Amino acid sequence: MPILEREPPKGRRESYVLPKVPVPPLKQTLDMYLTSIKHLVKEEQYRKTKSIVEKFGEPGGTGELLQKKLLEKSDNTHNWVYDYWLDDMYLNQRLALPVNSNPAMVFPKQDFRDHKDSLRFAAHLITGVLEYKERIDTRALPVDYSRGRLAGTPLCMKQYYRLFNTYRLPGLKRDTLVIHEAGSTEQEHIIVACKNQFFVLDLVVKEKKLNEMHILTQLEKIVKMAENTEERQPSFGLLTSDGRTEWAQARDVLITDSVNRESLAVIEKCLCVVCLDDTSGVEVGDTSRALLMLHGGGHEKMGANRWYDKPMQFVVGEDGVCGTVCEHSPFEGIVLVACTEYLMKFMKSLQDGEATNVSELPTPRRLLWKTTPDIQDLLKASAERLQRLVRELDMDVHKFEVYGKEFIKKQKMSPDAYIQVALQLAFYRCNGRLVSTYESASIRRFHEGRVDNIRSATPEALAFVKAMTDEKTSLSDSEKMKRLWDAINAQTNSTIAAITGMGIDNHLLGLREISQDIHMEVPEIFTDETYVASNQFILSTSQVPTTVEMFCCYGPVVPNGYGCCYNPQADHLLFSVTSFNGSTETSSAVFIEALDEGLVEMRDLCEKSNKPQSDTAAASKAVEKSQGAGSKPLSTPQKTGK
Ligand code: COA
């Protein structure tokens, strides 16, 4: 049954209905699963997996029983996969939020003349946030419609309603996504972080909303208060940068004291956190700004001037390093982009202005903490673990300027599919194999839809990357071009399947989780090494396009993996690549180099194939001559110890 997406809001906007996320047919998912892993595992392992999968899917078998239960769940809930997915993707995960989970949007570098300029920017940004929040609360945001593939369908807007009224509470085994009622009066403050201190900035005073100049006045007071070293509190924000279980344990210690309990309660209910950062002292390039957003540079820089549990956290650095750091569980990058683009456009109206000294404005409150030697030890341990993350992260933000998505469209290919194939080529060049790959596919066409996975390491992609490397000299250009088309078509078809609710990852997850709901032993298909390995996404990718100058980035999801966020623009492609220094199998710089090389070769191949026949033959001969022997995977990446 389709579901009414939104209540007709006070008669102003039309409601619309969205279908429920479908449960794909069992056989279809199992067949697609086998196809997706066959070329990624050894033959013997594949044979074993195939027999496990066939047993699971046989008539009257476990698969059919679980499928029936899943269909019943689908009948009885708005979205059968939502909770399973949220727990699996976020709330059950125990790794620290910075780098491992929280993505960041990096704004263009701002040219602040002085420290006052940065506060003006912050005050204006907060005003923009309040305007946007007002639109959310009054349900005045225009409904999003799908673009690109299968354009024109209305999309679920629920994620917007979770931007400012949510909080990820750490738990010993599982975190909780706390959702405050929209427009709640408890949520009339923001938290301002300055010099690792946390201040409460009330936005409504004596039932009147503060205007921008009032906010500026309050920010100026906060900066002065933060400078007072006598009243300085320990850096409690560090605890939120720790592993989730460690933070939950520390929180249990903290809340035995009423002062700490009250400070936590105020933070947990705020609209957002605004981090006023000091000058970072680092060279302000794209990569260094992205690093400051992801982990703050550690406890000695800005890493403690954060509260990582809060979904919306804006950073305004005195040196112009600005952006947003997000706790990811309530919403996807696309919603974050819509919100931040609104704010960036709003920021264009920033004008000079002076703080208005209004005597009746109460002084913002500094949050107080009670420490004990035990708590000091916890803070020290969190600081050390954050430092380890900082040392580990290997990041490279790269603008590929040879061409952009317009060139790809001219080839009558999907830019997204093309970029995904290029990423496979880069990985193969670096490692001589393909690996389980994740590409997020939006399922917002469905009620409360979040994402499913497009498994981009297709057999067709493998055939193509081999044609461009191992078999480079033995294959003709027309064969290479045919394989490129096959790879693009396979990727495009997987994309369509995923965005129309026919992806396999959510379905398999649902079957696994429902077996637990009915207290069944975990079926062998989910303990099989192939399933476990296929959920280790060594290549974790996501398209996050923007229409204003800014970019998104995030970390890898496994120790030997890459995080690759890309932003296709008309005439260039922006890539943020991350990996960990501790892995000998990865290097962000080497990956970028291979990506650049592959993108150029793919363009050359397309251009040669577009030429009239006689030209093509001559061109391919010339190219083959100039390129010499077939290229091998790039040598093992050398770490450049940072
Ligand atoms: N020939 C010419 N043009 C083509 C084409 C073809 N064969 N195929 C696609 N195009 C065009 C599209 O019409 C579109 O045009 P537009 O820029 O004018 O809108 C453009 O190329 C882009 O399309 P494409 O590259 O195919 O990708 P997409 O926009 O459909 O995006 C996904 C594909 C998977 C990225 C998208 O469906 C999605 O799910 N996005 C969300 C990802 C997400 O959640 N990210 C955040 C995670 S935190």
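Check the entry above for the structure.
The shown structure was predicted, so the numbers you read here are calculated from the model rather than taken from an experiment.

**Remarks on the site of the ligand**
- What surrounds the ligand is a group of 25 residues, the closest being Arg149, Lys412, Ser414, Asp416 and Ser442.
- Note that an oxygen atom of the ligand is positioned 2.7 Å from one of the backbone N or O atoms of Asp416.
- Between an oxygen atom of the ligand and a main-chain N or O atom of Ser442, the distance comes to 2.7 Å.
- Protein contacts shield 76% of the accessible area of the ligand, which totals 970 Å² for the unbound molecule.
- Only helix H10 (333-347), helix H12 (405-410), helix H13 (415-431), strand E15 (437-442), strand E16 (451-454), helix H15 (477-499) and strand E17 (539-543) provide two or more residues apiece to the shell around the ligand.
- No other element matches E15, which puts four residues into the shell around the ligand.
- Among the residues making up the shell around the ligand, the classes are represented as eight nonpolar, nine polar and eight charged.

**Some words on the state of the cysteines**
- According to the stated counting rule, one finds zero disulfides in the structure shown.
- You can see Cys194 has no disulfide; the closest cysteine sulfur is in Cys275, sitting 10 Å from it.
- On the basis of relative accessibility, which here comes to 4%, the residue Cys194 falls in the buried class.
- Looking at the unpaired Cys553, the closest cysteine sulfur is the one in Cys552, lying at 6.1 Å.
- With a relative accessible area of 0%, Cys553 lands in the buried category.

**Quick word on the sheet that holds strand E14 (residues 393-400)**
- Read from one edge to the other, the open sheet built from six strands follows the order E14-E20-E19-E17-E15-E16, with strand pairing classed as mixed. A single partner strand is all that each edge strand has here, and the edge strands are E14 and E16. Each adjacent strand pair in this sheet contributes to an overall mean axis angle of 20°, direction not counted.
- In terms of strand pairing, E17 meets strand E19 (residues 562-568) through five bridges, oriented parallel. Opposite Thr541, over in E19, you have Cys564 as the bridge partner.

**What to know about the pairing of strand E5 (residues 176-179)**
- In terms of strand pairing, strand E4 (residues 166-169) meets E5 through four bridges, oriented antiparallel. Looking at the pairing, Thr166 lines up with Ile179 of E5.

**A look at helix H8 (residues 258-268)**
- Looking only at H8, the buried set comprises Asn260, Ser263, Leu264, Val266, Ile267 and Glu268.
- As for H8, its buried residues are in contact with E4, strand E6 (189-194), strand E7 (197-202), helix H7 (244-254), strand E13 (365-366) and helix H11 (373-392).
- The opening residue of H8 is Asp257, an N-cap whose side-chain oxygen sits 2.7 Å from the backbone nitrogen of Val259.

**Quick word on the packing of aromatic side chains**
- Counted under the stated rule, the structure contains 17 aromatic pairs.
- Taking 5.8 Å as the distance between ring centres and 80° as the angle between the ring planes, the aromatic pair formed by Phe56 and Phe526 counts as edge-to-face. Within this pair, whereas Phe56 is found in helix H2 (residues 43-57), its partner Phe526 is found in helix H17 (residues 524-527), the two being separated by 470 residues in sequence.
- Accessibility expressed as a relative area gives 4% for Phe56, which makes it buried.
- For the ring pair Trp307 and Trp369, a centre distance of 6.0 Å and an interplane angle of 10° mean the geometry is stacked. Here Trp369 lies in the loop between E13 and H11 and Trp307 lies in the loop between helix H9 (286-295) and strand E11 (312-317), a separation of 62 residues in the sequence.
- Its relative accessible area of 1% is what places Trp307 among the buried residues.
- According to the relative accessible area criterion, Trp369 is buried, its value standing at 7%.
- Positioned above the aromatic ring of Tyr161, the side-chain terminus of Arg139 is 3.9 Å from the ring centre.

**Digging into the environment of Asn79**
- For Asn79, the location among the structural elements is in the loop between helix H3 (62-76) and helix H4 (82-91).
- Placed 58 residues apart in sequence, Asn79 and Val21 show a C-alpha to C-alpha distance of 6.1 Å.
- Ignoring anything within four residues of it in the chain, the contact list for Asn79 reads Val21, His447, Glu448 and Gly449.
- Of note is the side chain of Asn79, whose polar atom sits 3.0 Å from the backbone oxygen of His447.

Cut-offs used in this document
Residues numbered from 1 in each chain as written. Predicted model: local features only at pLDDT ≥ 70, side-chain atom pairs only at ≥ 80, totals over all residues. Heavy atoms only, no water. Near = heavy atom within 4 Å. Polar contact = N/O pair within 3.5 Å; in protein donor to acceptor, adjacent residues only side chain to side chain. Areas by Shrake-Rupley, 256 points an atom, 1.4 Å probe, with all protein chains shown as cover. Helix = DSSP H or I, 4+ residues; strand = E, 2+ residues; numbered from the N terminus. Nonpolar A, V, L, I, M, F, W, Y, C, P; charged D, E, K, R; others polar. Disulfide = S-S within 2.5 Å. Buried < 20%, exposed > 50% of the residue type's maximum accessible area, 1.4 Å probe, protein only. Pairing = 2+ DSSP bridges. Axes fitted to C-alpha atoms, helices over the stretch in contact; angles between N-to-C directions. Contact = heavy atoms within 4.5 Å. Phe/Tyr/Trp six-rings, centres within 6.5 Å; stacked < 30°, edge-to-face > 60°. Lys NZ or Arg CZ within 6 Å of the ring centre and 35° of its normal.

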